Amino acid sequence: MNAQITHTVPVALTIAGSDSGGGAGIQADLRTFAFHRVHGTSAITCVTAQNTLGVARVDAIPAEAVIAQIQAVVGDIGVQAAKTGMLLNREIICTVAQQVEALQINNLVVDPVMVSRTGDQLIDNDAVQTMTRKLLPQAAIVTPNRYEAQILSGLPINTLDDMRAAAQVIHRNFKVKAVLVKGGGMQGNYRGVDIWFDGQKLQTLITKQVDTKNTHGTGCTLSAAITANLALGNDLWPSVQQAKEYVTNALTYALDIGKGQGPVGHFFPLL
Ligand SMILES: Nc1ncnc2c1ncn2[C@@H]1O[C@H](COP(=O)(O)OP(=O)(O)OP(=O)(O)O)[C@@H](O)[C@H]1O
Ligand SMILES: Cc1ncc(CO)c(N)n1
């Protein structure tokens, strides 16, 4: 008989929606956690019928079921870091914020999912204020894309300086520790350039620009990679730098599947 091998592993939790097409949401998050050798757990907030062309339907999971999933994971297994993705409505956002506070979940990455690249609205209109008031103050970092940063800051974003201004406004207004404004939705040379602000330093994160239409799930992948790095015990800024590197690699090996925007290649070394 073989000797038993004990194996401990960092644990991360994703509180997010399901993407039936497998490109974004919890599917992207769990693959990203696995790539980083972090055990992935999940609390599903909604189920989307979605593919590379867009979202056909969204069904919310009852708030009590979201609570039960979070408590089942944290009560038994425990998590070193967590992220939120698509939270859909006010009730779910409130619920998640309460659980994060009550269970003292640390290292929280909030991806304030509101609008997808395919133009689909992913949050109810009246839910944005609940997110800014209840969830953002508990976040280690918030990672809006161009459109979400416009909504959160109230500023138009067309240039890198606009991204810098938005990052500072979001930091000041919502008492969040760090902000990363993502540039996947920017035009020309700014595409793929991200801006970080933590109250002290404004940093510009640049990697190579990847010329592909297959960018579905980049935002989920980036925030999940930050979460995985935090679960591994890394500090926030190095976690962001490593996550940016990871998403660039995954984009370089993006999958050309479906008729629209295919997903990134999370396991690129195997492709
Ligand atoms: N073509 C590209 N080349 C290089 N980096 C890119 C490109 N597109 C996106 N990125 C990077 O991917 C990360 C995610 O940013 P993006 O703005 O695409 O998020 P998002 O809109 O939330 O994504 P999604 O909704 O598709 O999940 C950022 O680091 C961004 O700079
Ligand atoms: C489930 C889900 N979460 C997040 C996004 C944002 O890309 C999406 N399209 N679908």
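See the structure above.
The structure displayed is predicted, hence computed values, not measured ones.

This next bit is on the nonpolar core. The nonpolar side chains of a soluble globular protein tend to be buried with one another. Grouped together as the largest cluster of nonpolar side chains are 44 residues, with contacts concentrated most on Leu13, Ile70, Val96 and Ile170. Among the elements that take part in this core, helix α6 (residues 160–174) stands out by supplying 6 residues, more than any other. Counting residues in hydrophobic clusters, the runner-up holds 26 residues, among them Ala12, Ala224, Ala228 and Ala250.

On to unusual backbone geometry, then. Outside of glycine, negative phi angles account for most residues, and trans bonds account for most peptide bonds. In this model, glutamine 104 sits at a positive phi of 50°, which is unusual for a non-glycine residue. Structurally, glutamine 104 can be placed in the loop between α3 (90–102) and β5 (108–110). Even without being a glycine, asparagine 107 presents a positive backbone phi close to 55°. Among the structural elements, asparagine 107 can be located in the loop between α3 and β5.

Taken together, Gly17, Ser18, Ala24, Gly25, Gln50, Met86, Val113, Leu122, His216 and Cys220 form the complete shell of residues around ligand 2. Glutamine 50 places a polar side-chain atom, nitrogen or oxygen, 2.8 Å from a nitrogen atom of ligand 2. Here ligand 2 loses 91% of its free accessible area of 290 Å² to cover by the protein chains. A per-class count over the shell around ligand 2 returns 5 nonpolar, 5 polar and no charged.

As a further point, take α3. Two residues of an α-helix separated by three or four positions point the same way, owing to the 3.6 residues in each turn. Helix length check: α3 (13 residues) gives 18 Å between terminal C-alpha atoms against 18 Å at 1.5 Å per residue, within 8%. What α3 keeps buried is the set Ile92, Ile93, Thr95, Val96, Ala97, Gln99 and Val100. The distance from a side-chain oxygen at the start of α3 to the backbone nitrogen of glutamate 91 is 3.2 Å, and the residue carrying that oxygen is asparagine 89. A positive backbone phi angle near 50° is found at glutamine 104, which sits one or two residues after α3.

Once that is clear, we can look at the pattern of salt bridges. A pair can form between side chains of opposite charge whenever their charged atoms are brought close. Inspection of every chain in the model, using the stated rule, returns 7 salt bridges. Across the pair aspartate 59 and arginine 57 runs a salt bridge whose closest N-O atoms are separated by 2.7 Å. Residue arginine 57 is classed as exposed on the basis of its relative accessible area, which comes to 51%. Linking aspartate 126 and arginine 90 is a salt bridge whose minimum nitrogen-to-oxygen distance equals 3.9 Å.

Thresholds, definitions, all that
- The residue count restarts for each chain, going from 1 along the sequence in the order it is written.
- Chains carry letters from A onward and ligands carry numbers from 1 onward, assigned in written order.
- Local features are withheld for residues below a pLDDT of 70 in this predicted model, meaning they are given only at 70 or higher, and side-chain atom pairs are given and counted only at 80 or more; totals for whole chains, interfaces and linings count all residues.
- To get the side-chain values, all heavy atoms of the structure are used, and hydrogens and water are removed first.
- Put simply, a nonpolar core is a bunch of buried Ala, Val, Leu, Ile, Met, Phe, Trp, Tyr and Cys residues held in one set by side-chain atoms that sit within 4.5 Å of each other.
- Summary of the burial criterion: residues with accessible area below 20% of their type's maximum are buried, those above 50% are exposed, and those between are partly exposed, where the area comes from a 1.4 Å probe applied to protein chains only.
- Secondary structure is summarised from DSSP: a helix means a run of H or I of at least four residues, a strand means a run of E of at least two, and numbering begins at the N terminus for each.
- We call a residue near a molecule or strand as soon as one heavy atom of that residue lies within 4 Å of the molecule or strand.
- Nitrogen and oxygen atoms within 3.5 Å of one another constitute a polar contact, given that in protein one can donate a hydrogen and the other can accept it, and given that sequence-neighbouring residues count only through two side-chain atoms.
- For the area figures, the Shrake-Rupley method with a 1.4 Å probe applies, and any residue is considered shielded solely by the protein chains shown.
- For this scheme, ten residues count as nonpolar: Ala, Val, Leu, Ile, Met, Phe, Trp, Tyr, Cys and Pro. Four count as charged, namely Asp, Glu, Lys and Arg, and the remainder, Gly too, count as polar.
- Each residue after the first adds 1.5 Å to the expected span of a helix.
- Put simply, a salt bridge is a Lys or Arg side-chain nitrogen that is within 4 Å of an Asp or Glu carboxyl oxygen.

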